[in-house]
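Here is what each chain is made of, one letter per residue.
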Amino acid sequence: MVSRTLIVNNPEGLHMRPAGVVAKEMGKFSCEVSIVFGDRKINAKSLINIISACIKKGAEITFECDGEDEEEAMAKIVELESQNFGE
């Protein structure tokens, strides 16, 4: 398992557009991808789950990837983070 903790910088948090980008891109990987937010573990391949978590600007979240292509999935998360999740 690999993980990466980051602070959400998007002024609107992980709203519909960036959540959609995350879910779409993570859905391409076979490994499990989760977002740990507070005491919740959210399926990062599910747009509804990401949106329902109400992740706001300034929130600390951790992406966890576990499975055969976990390194590739984490590399994509790093890339998405550098692009502010499509914003």
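Before reading on, note that the structure itself is shown above.
It should be emphasised that the depicted structure is a prediction, and the values quoted were computed from it without experimental measurement.

Caption draft 1: Examining the pattern of salt bridges more closely. Throughout the structure, instances matching the rule amount to five salt bridges. Residue E25 is joined to K76 by a salt bridge in which the shortest nitrogen-to-oxygen separation is 3.8 Å. Residue E25 is found in helix α1 (residues 16-26), and its partner K76 is found in helix α3 (residues 70-82); the two are separated by 51 residues along the sequence. On the basis of relative accessibility, which here comes to 13%, the residue E25 falls in the buried class. A residue is classified by how much of its surface remains accessible, and K76, at 19% relative accessible area, is buried. The closest approach of N and O atoms between K76 and E79, which form a salt bridge, is 3.2 Å. Of the two residues, K76 and E79 are both situated in helix α3; the distance of three residues between them amounts to about one turn of the helix. For E79, a relative accessible area of 35% translates into the label partly exposed. A single salt-bridge network, built from bridges that share partners, covers E25, K28, K76 and E79.

Caption draft 2: Up close: α1. Those residues of α1 not exposed but buried are P18, A19, V22, A23, E25 and M26. Tucked inside the fold, the buried residues of α1 contact β2 (32-37), α2 (47-52), β4 (60-66) and α3.

Caption draft 3: A look at the environment of V36. Relative to the helices and strands, V36 is located in strand β2. Distance from V36 to T5, taken between C-alpha atoms, is 8.9 Å for residues 31 residues apart in sequence. Beyond its immediate stretch of four places on either side in the chain, V36 contacts K41, E60, I61, T62 and E64.

Caption draft 4: Geometry of the sheet that holds β4. With antiparallel pairing, four strands are arranged side by side in an open sheet as β1-β4-β2-β3. Every other strand in the sheet has two partners, leaving β1 (2-7) and β3 (40-43) as the edge strands with one partner each. Shown here is a sheet whose adjacent strand axes are inclined to one another by a mean of 25°, direction ignored. For β1 and β4, the ladder comprises six bridges, and the chain directions are antiparallel. Each bridged residue has a counterpart across the sheet, and for L6 the counterpart in β4 is I61. Strands in contact with α3 are β1, β2 and β4; relative to β1, the strand with the most contacts, it is inclined by about 10°.

The rules behind each value
- Residues numbered from 1 in each chain as written.
- Predicted model: local features only at pLDDT ≥ 70, side-chain atom pairs only at ≥ 80, totals over all residues.
- Heavy atoms only, no water.
- Salt bridge = Lys/Arg side-chain N within 4 Å of Asp/Glu carboxyl O.
- Helix = DSSP H or I, 4+ residues; strand = E, 2+ residues; numbered from the N terminus.
- Buried < 20%, exposed > 50% of the residue type's maximum accessible area, 1.4 Å probe, protein only.
- Contact = heavy atoms within 4.5 Å.
- Pairing = 2+ DSSP bridges.
- Axes fitted to C-alpha atoms, helices over the stretch in contact; angles between N-to-C directions.

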